[in-house]
Every structure is written in C-alpha cells, then in structure tokens.
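Structural characterization, general
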Amino acid sequence: MTTPENNAAPTNRLPEGKIPQLRVMPGPPDANVYGDVFGGWIMAQVDIAGSLPATRRANGRVATIAVNSFLFKNPVFVGDLLSFYVDIVKVGNTSITVYVEVYAERNRLQSNIVKVTEATLTYVATGPDRKPRQLPPLESLISHQQ
C-alpha cells in the first residue's frame, strides 16, 4: 500500500503569489478501499478548477473540448487538502487553454506539501444554443469590471 510518508519529496510550500482557484479535501467516498483517491475524481476537480478562469475570460458558458495532457505525479489520499492553481496559457477565437497544477497538503501540522497532478485543458465558449461563439475582446471584459 502506498502511504503519504513514503512518496515524492515534499515542496513544503504552495506556489507563491498565486491564489488557488479551488481547494477541496477528498473523503472516503472518493477513494478505493486502500485510501487512494480515484483518478477520475481528481480529473473532475481539475476540470472544475480549469473552467473557472475560462468562464470569466469567455464572459459566459464554456465547454471542455480537450484534455491535452494529464499527469498524475503522486497519489492523492483521503484527508489531503488539495489546492488547484490555474493559468490561462492560450486564447483563440472561441477557445481558451489552461494549465492546472494541483498540490496536496499532507500531515498539515508538519507542512508536507506535494505536487500531485498537472494538466492542460481546452475549453470553448458556447452560446445559449451550445454552439461555439466568439470570445469577447479583452477590453470589453475590463470595462465591465470597472
């Protein structure tokens, strides 16, 4: 059985100067009988986290159109506090590509932090008809926020 104590070297810090898009702690229903969290559960959380800045950039609905890469670097365990950091890496006419990094805080009293997952996903902006739509110009989004 894999345990948090015998895995990859901890980083002992979360990314500096960045705010996580999502923080969540998996529970027993999210794991197999050995306490390892299902990869599909992690993928769903990554998709949720990635969609948040994509939705803001699209100023509306987005749909996941591609999982370009997904790497499970270390296992996730019940009780880990996961932090999902997202950066927009590419913007097209209708699409937004994001990079997601996931860190697990283990043994929180001892500050054991391990990068567990990284992924790149692409979302497409969609209209009420759920068909692709043009992204709004960045300038229009900035003027709406002021």
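Here, every reference points to the structure presented above.
Described below are features of the structure shown in this document. (Residues numbered from 1 in each chain as written. Predicted model: local features only at pLDDT ≥ 70, side-chain atom pairs only at ≥ 80, totals over all residues. Heavy atoms only, no water.)

So, the overall build of the protein
Note the threshold: The helix and strand labels rest on DSSP assignments: H or I over at least four residues marks a helix, E over at least two residues marks a strand, and numbering proceeds from the N terminus. Using a 1.4 Å probe on the protein chains alone, a residue whose accessible area is under 20% of its type maximum counts as buried, one over 50% counts as exposed, and one in between counts as partly exposed. Contacts are assigned to residue pairs with any non-hydrogen atoms lying within 4.5 Å of each other.
Of the regular secondary structure elements, the protein holds two helices and five strands. In sequence order, the secondary structure elements of the protein are arranged as β-α-β-β-β-β-α. By residue count, 40% of the 146 residues in the protein fall in the buried class. Taking the contacts inside the protein whose residues are at least 6 apart along the sequence as the reference set, 70% of them involve residues at least 24 apart.

With respect to helix 1 (residues 39-58)
Applied cut-off: The span you would expect from a helix comes to 1.5 Å times its residue count less one. Fitting axes to the seven residues ending at a residue and to the seven starting there, one defines the bend at that residue as the angle between these axes.
Taking 1.5 Å of rise per residue, 20 residues should cover 28 Å, and helix 1 covers 28 Å from first to last C-alpha, within 8% of that figure. The largest bend in helix 1 comes to about 25°, at S51, with the proline P53 one to four residues further on. Listed as buried for helix 1 are W41, I42, Q45, V46, A49, G50, S51, P53, A54, R57 and A58. Among the residues trailing helix 1, N59 stands out with phi positive, at a value near 55°.

A few points about the pattern of salt bridges
To keep things clear, this is the line we draw: For this analysis, a salt bridge means a side-chain nitrogen from Lys or Arg found within 4 Å of a carboxyl oxygen belonging to Asp or Glu.
Taken as a whole, this structure holds six salt bridges when the rule is applied. Salt-bridge contacts for D87 lead to K18; the nearest nitrogen and oxygen are separated by 2.7 Å. Here the residue D87 occupies a position in strand 3 (residues 81-91), and K18 occupies one in the segment before strand 1 (22-24), the gap between them amounting to 69 residues. Between R23 and E105 there is a salt bridge, with its nearest N and O atoms 2.3 Å apart. Of this pair, R23 sits in strand 1 while E105 sits in strand 4 (residues 95-106), placing them 82 residues apart in sequence. Judged by relative accessible area, E105 falls into the buried class, the value being 16%.

Some thoughts on the environment of K115
As a reminder, the rule being used: Here a polar contact means two N or O atoms within 3.5 Å. Within protein one must be a hydrogen donor candidate and the other an acceptor candidate, and residues neighboring in sequence count only if both atoms are side-chain atoms.
Within the element layout of this structure, K115 appears in strand 5 (residues 112-125). On the basis of relative accessibility, which here comes to 16%, the residue K115 falls in the buried class. Spatially, the C-alpha atoms of K115 and V102 are 5.9 Å apart, while their sequence positions differ by 13 residues. At 3.5 Å, the side chain of K115 and the side chain of Y99 are in polar contact. Only 2.8 Å separates the side chain of K115 from the side chain of E101, close enough to count as a polar contact.

Interpretation in functional terms is not warranted from these geometric data alone.
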